[in-house]
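So you can see what is in the structure, the chains are spelled out below.
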Amino acid sequence: MGFAMIPNLDIDLLKTFLAISDTGSFTRAAEEVNKTQSAVSMQMKRLEELLSRPLFARDGRASRFTPDGERLVEYARRLVALNDEAVATFKRPELTGTVRFGTPDDYADRFLPEILARFARTHPLVTVDVDCLNTSVLFERTRRGELDLALVTFGCNVQTDEPVRREPLVWVTSARHSTHLLEVMPLAVSHGGCEWRATVLAALEKIGRKYRVAYSSANSNAVNAAVQSGLAVGAVPELCVRPGMRVLTEKDGFPPLGSFEIGLMRKPGRGSSAVEALVRHVAESLGNFNVGMMAAE
């Protein structure tokens, strides 16, 4: 009795497929898997031939997954994870354990999904323990060795020798409201020790703009919610502008707030190879992040 031969899925093809899923484009996936864009395209054509199904719905220069492509993502993750776990068990047994990583919550929303997905592909047996705290707390905890690595905002007494990105601070209001036109403008700002808060208040004092602090929180999600719902005007890093927000410029009567640096801080002493790998992933993700991608959200 004969049986139809079921083709074997190549793990390398699946890793490229997942890189496309995680980065959102063939171009960035090619950089991630260290292949040319044409090689990535050929790999995906081969994968479609193996499965006898179209995985990408092409629309001009853009590509998105077909329903079959979406279904394959979960299978691919399970197959790649099992493959990497098996190989790591025998070839890289030292790359296990836990990396304690800290980041402010506003950066976590933007970068953590991509960073953790990339790190899991290269270090499947390492657990990343994430703490979302404000920069000053992260700085102290990392200095004391309670965190292995932290992503911090430079300012006041927080400074490291590993800057990874310079980012403008921008005024934001709700896209559906005119809160910024109120005679006494309500503000949503961070806690009292935040340098951004001081920058915002100083800028308004300089131009003589009347305001009141309506919402104050160390949690960026709370501040953002007040802005998005039209309850207040705020200031956020340009990379953290969310759908439902509108950036206010000098044309609206709001002065530039300048820019700041984001960097990495490590605990004292030599870091493990897993920590060094996470450093590379964080630096690459922030360095490659394109603010223009937010318009598509």
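Residues numbered from 1 in each chain as written. Predicted model: local features only at pLDDT ≥ 70, side-chain atom pairs only at ≥ 80, totals over all residues. Heavy atoms only, no water.

1. Quick word on the pattern of salt bridges
For the record, the criterion: Only one rule defines a salt bridge in this text: a Lys or Arg side-chain nitrogen within 4 Å of an Asp or Glu carboxyl oxygen. For helices the rule is a DSSP run of H or I covering at least 4 residues; for strands it is a run of E covering at least 2, with both sets numbered from the N terminus onward. Relative accessible area decides the class of each residue, using a 1.4 Å probe on protein chains only: under 20% of the type maximum gives buried, over 50% gives exposed, and in between gives partly exposed.
Applying the stated rule across the entire model yields 20 salt bridges. Asp 22 is the partner of Arg 77 in a salt bridge, and the nearest nitrogen-oxygen pair spans 2.7 Å. On the criterion of sequence distance, the pair formed by Arg 77 in helix H4 (residues 67-91) and Asp 22 in helix H1 (residues 11-23) is long-range, its members being 55 residues apart. For Arg 77, a relative accessible area of 31% puts it in the partly exposed group. We note a salt bridge from Glu 146 to Arg 144, for which the minimum N-O separation is 2.9 Å. Here the salt bridges do not stand alone but share partners, grouping Arg 28, Glu 32, Glu 114, Arg 118 and Glu 284 into one network.

2. Some remarks on the packing of H1 against helix H3 (residues 37-51)
Inclusion rule: Convention adopted: a line fitted to C-alpha atoms gives each axis, helices being fitted over their contacting stretch, and angles between N-to-C directions are expressed from 0 to 180 degrees. Any angle that is under 35 degrees is reported as roughly parallel, and any over 145 degrees as roughly antiparallel; angles of 65 to 115 degrees are reported as roughly perpendicular and all others as oblique. The sense of a crossing depends on the near helix, which, turned anticlockwise from the far helix by less than a right angle, makes the crossing left-handed and, turned clockwise, makes it right-handed. Contacts are assigned to residue pairs with any non-hydrogen atoms lying within 4.5 Å of each other. Asp, Glu, Lys and Arg are counted as charged, while Ala, Val, Leu, Ile, Met, Phe, Trp, Tyr, Cys and Pro are counted as nonpolar; the rest, among them Gly, fall into the polar class.
It is the contact of H1 with H3, at a shortest axis distance of 10 Å, that shows an interaxial angle of 115°. What the angle tells us is that H1 and H3 run roughly perpendicular. Seen along the crossing, H1 lies across H3 with a hand that is left-handed. Two secondary-structure elements touch here, H1 through Asp 12, Leu 13, Leu 14, Thr 16, Phe 17 and Ile 20 and H3 through Val 40, Gln 43, Met 44, Arg 46, Leu 47 and Leu 50. Here the contact of H1 with H3 is composed, by residue class, of 8 nonpolar, 2 polar and 2 charged.

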